[in-house]
Amino acid sequence: MKRPIKITETILRDAHQSLIATRMTTEQMLPIIDKMDKVGYYSVECWGGATFDASLRFLKEDPWERLRKFRDGFKRTKLQMLFRGQNILGYRPYADDVVEYFVQKSIANGIDIIRIFDCMNDLRNLQTAVDAANKERGHAQVAMAYTLGDAYTLEYWTDLAKRIEDMGANSICIKDMAGLLLPYKAEELVKTLKENVKIPIQLHTHYTSGVASMTYLKAVEAGVDVIDTAISPFAMGTSQPATEVMVETFKGTPYDTGFDQKLLAEIADYFRPIRDEALDSGLLNPKNLGVNIKTLLYQVPGGMLSNLTSQLEGQHAADRYYDVLEEVPRVRKDLGECPLVTPSSQIVGTQAVFNVLTGERYKMVTKETREILEGKYGKTAKPFNPEVQKKCIGDAKPITCRYADLIEHEMPKFEKEVAPYKQQDEDVLSYALFPQVAEQYFKYRDAQQTKIDAEEGDSKNGAYPV
């Protein structure tokens, strides 16, 4: 019986986020969209995650304009984004009115599928976004942040999946951000989920630990519906398995995608010079293309590894790298054995650096570590270390409710503050997520427009030939 495996292509989001710090520009992406649209992908992941922040902060681009250009170019392929639940695309929980408006505008500007996750797997932090996506008739995909530990049994994942189906999600993603899911574990997990839930299951992993292609093979045989891959120049290492390799693997089997390898080769040829340029400039670190089996020991995602390296180099303490890696699992355990994914990965990593460099655990505590221990990021799979909690938050009473329930509506305040710069409705959302970065971008945008107006004026006045 034929059951072609569906593929989500990540080159326009996670692949370049994982390998070149999300620095691919819209201009670099647009010329290849027409060919990508002909492949037959289930979806193209092209927005969300760190792309929003990087567009504004480093590329001086409007992320909303990027999305609209993608929508214009992709005539037949669904567009997909990554959404951090109550944190949206930022690093703190936002009020429900901001979450709802962001979902509405994302779908209005062209997104079809919103992959929604929470760094604690606390479904209370996902419900608002799921409801908003359903209201806008988008596809709400809820991602389970996959991790290892005493709490994370097959029963844990099965129960979580059932609750995700009950909350109104259209599909489930197993989000394996650190490449921890081994092939036979994937087979077991997918089989069990398919027996317990009716909605489709998608699998997302990274090649960091070197097992991802085998994991996909076993998951597909077990019945997974969709897998995430990256076109070969931006595949492997801390990115996803290569699209062409997975297509060839399933050729002539019941899972045959039917994709045209010649077309995929043309797409790969387009991206190869961009990859080579990133290698030459140092933007792509060759280390990110290799296999790091220590991932399975420390459970540190690829992006977190590069963050730790740069933090330590900034402190002239690169020699303490392995000390920090060994401290990461200890901090994670103290913080309720939370999965390591944005933003918990950055919080745990930074705290581990402080613990090692100060010579005393939790002598210096970041604001975010304190907020996790206060319950602001949600319920963890295991209890916090009570001694660490006491040392970090003192006599403060941790909250047990959904933190967003304590946040008043924020949109009116953001609307007022962004008024001097606002050119489109979406500007208020850019500002809500990254106030300082967005304000700098708005000033840059105004300056560019002034320059264009001045040049057009000079041209009309005959200052130079038209």
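Right above here is the structure, for reference.
So, a few notes on the structure that sits alongside this text. Note that the structure is a prediction, hence the values are computed from the model and not measured.

This part takes up the overall build of the protein. Per the secondary structure count, the protein includes 21 helices and eight strands. Taking 466 residues into account, the globule formula puts the C-alpha radius of gyration at 23 Å, and the protein, at 22 Å, falls close to it. Referenced to the eigenvectors of the C-alpha coordinate spread, the extents of the protein come out at roughly 75 × 60 × 50 Å. Here the protein, with 466 residues, has 57% of them falling under the buried criterion. Partitioning the intrachain contacts of the protein with sequence separation of at least 6 by distance along the chain shows that 76% fall at a separation of at least 24.

Time to look at the pattern of salt bridges. For the structure shown, the criterion picks out 37 salt bridges. Ionic pairing is found between Asp 334 and Arg 361, a salt bridge with its closest N-O pair at 2.9 Å. Separated by 27 residues along the polypeptide, Asp 334 in helix H15 (residues 321-334) and Arg 361 in the loop between helix H16 (344-358) and helix H17 (367-373) bring together distant segments of the chain. Of the residues examined, Arg 361 reaches a relative accessible area of 33% and is grouped as partly exposed. Close ionic contact of Lys 367 with Glu 371 constitutes a salt bridge, the shortest N to O distance being 3.5 Å. A residue pair is termed a helical-turn pair when its members lie 3 or 4 positions apart in one helix, as Lys 367 and Glu 371 do in helix H17 at four residues. A single salt-bridge network, built from bridges that share partners, covers Lys 105, Glu 415, Lys 422, Asp 425 and Glu 426.

It is generally the case that most residues other than glycine have a negative phi and that most peptide bonds are trans. Cis geometry marks the peptide bond from Thr 342 to Pro 343; its omega dihedral reads 0 degrees. Mapping Pro 343 onto the fold places it in the loop between H15 and H16. A positive phi angle is found at Met 236, which is not glycine, with a value near 70 degrees. With respect to the helices and strands, Met 236 occurs in the loop between strand S8 (226-229) and helix H11 (243-249). Even without being glycine, His 316 reaches a positive phi, approximately 55 degrees. Its relative accessible area of 74% is what places His 316 among the exposed residues.

A few words now on the packing of aromatic side chains. For the structure shown, the criterion picks out 22 aromatic pairs. Taken together, a centroid distance of 4.9 Å and an interplanar angle of 85 degrees make the contact between Tyr 152 and Tyr 156 edge-to-face. Each of the two residues, Tyr 152 as well as Tyr 156, counts as buried. When the centroid spacing of 6.0 Å and the interplanar angle of 80 degrees are considered together, the rings of Phe 250 and Tyr 255 count as edge-to-face. Residue classification places Phe 250 among the buried residues on the basis of a relative accessible area of 1%. Relative accessible area serves as the criterion here: at 18%, Tyr 255 is assigned to the buried category. The ring of Phe 58 has Arg 23 sitting right over it, with the charged end atom 3.7 Å from the ring centre. The lysine or arginine in question, Lys 175, covers the ring of Phe 117, its NZ or CZ lying 4.9 Å from the ring centre.

Take the nonpolar core next. Grouped together as the largest cluster of nonpolar side chains are 108 residues, with contacts concentrated most on Leu 12, Met 36, Phe 83, Phe 102, Ile 174 and Phe 271. With seven residues, helix H12 (residues 261-281) is the largest single contributor of residues to this core. The residues contacting Met 36, other than those within four sequence positions of it, are Glu 9, Ile 11, Leu 12, Tyr 41, Val 44, Phe 74, Thr 77, Ile 267 and Phe 271. Cys 119, Ala 317, Tyr 321 and Val 341 belong to the second-largest nonpolar core, a separate cluster that totals 38 residues.

Okay, the packing of helix H6 (residues 96-108) against helix H7 (residues 127-135) next. Two elements in contact, H6 and H7, have axes whose closest approach is 9 Å; the angle formed by their N-to-C orientations is 35 degrees. Crossing angle aside, the handedness with which H6 passes H7 is right-handed. Only Thr 128, Ala 129, Ala 132 and Ala 133 of H7 make contact with H6, whose side of the interface consists of Asp 96, Val 99, Glu 100, Val 103 and Ile 107. Considering only residue class, the contact of H6 with H7 consists of six nonpolar, one polar and two charged.

Let us look at the sheet that holds S8. Pairing is parallel around the closed barrel formed by eight strands, whose spatial order is S1-S2-S3-S4-S5-S6-S7-S8. In this sheet, adjacent strand axes meet at a mean angle of 30 degrees when their direction is disregarded. In terms of strand pairing, strand S5 (residues 139-145) meets strand S6 (residues 171-176) through five bridges, oriented parallel. Bridge pairing in S6 links Met 144 to Ile 174. Running at roughly 60 degrees to strand S2 (residues 43-48), helix H1 (residues 11-20) makes contact with strand S1 (6-9), S2, strand S3 (78-83) and strand S7 (201-205) of the sheet. Where helix H10 (residues 212-222) meets the sheet, it contacts S7 and S8, and its direction lies at approximately 170 degrees from that of S7.

Conventions we followed
Residues numbered from 1 in each chain as written. Predicted model: local features only at pLDDT ≥ 70, side-chain atom pairs only at ≥ 80, totals over all residues. Heavy atoms only, no water. Helix = DSSP H or I, 4+ residues; strand = E, 2+ residues; numbered from the N terminus. Rg over C-alpha atoms; globule rule 2.2 N^0.38 Å. Buried < 20%, exposed > 50% of the residue type's maximum accessible area, 1.4 Å probe, protein only. Contact = heavy atoms within 4.5 Å. Salt bridge = Lys/Arg side-chain N within 4 Å of Asp/Glu carboxyl O. Phe/Tyr/Trp six-rings, centres within 6.5 Å; stacked < 30°, edge-to-face > 60°. Lys NZ or Arg CZ within 6 Å of the ring centre and 35° of its normal. Core = buried A, V, L, I, M, F, W, Y, C linked by side-chain atoms within 4.5 Å. Axes fitted to C-alpha atoms, helices over the stretch in contact; angles between N-to-C directions. Left-handed = near helix turned anticlockwise from the far one by under 90°. Nonpolar A, V, L, I, M, F, W, Y, C, P; charged D, E, K, R; others polar. Pairing = 2+ DSSP bridges.

Nothing here speaks to function; it is geometry throughout.
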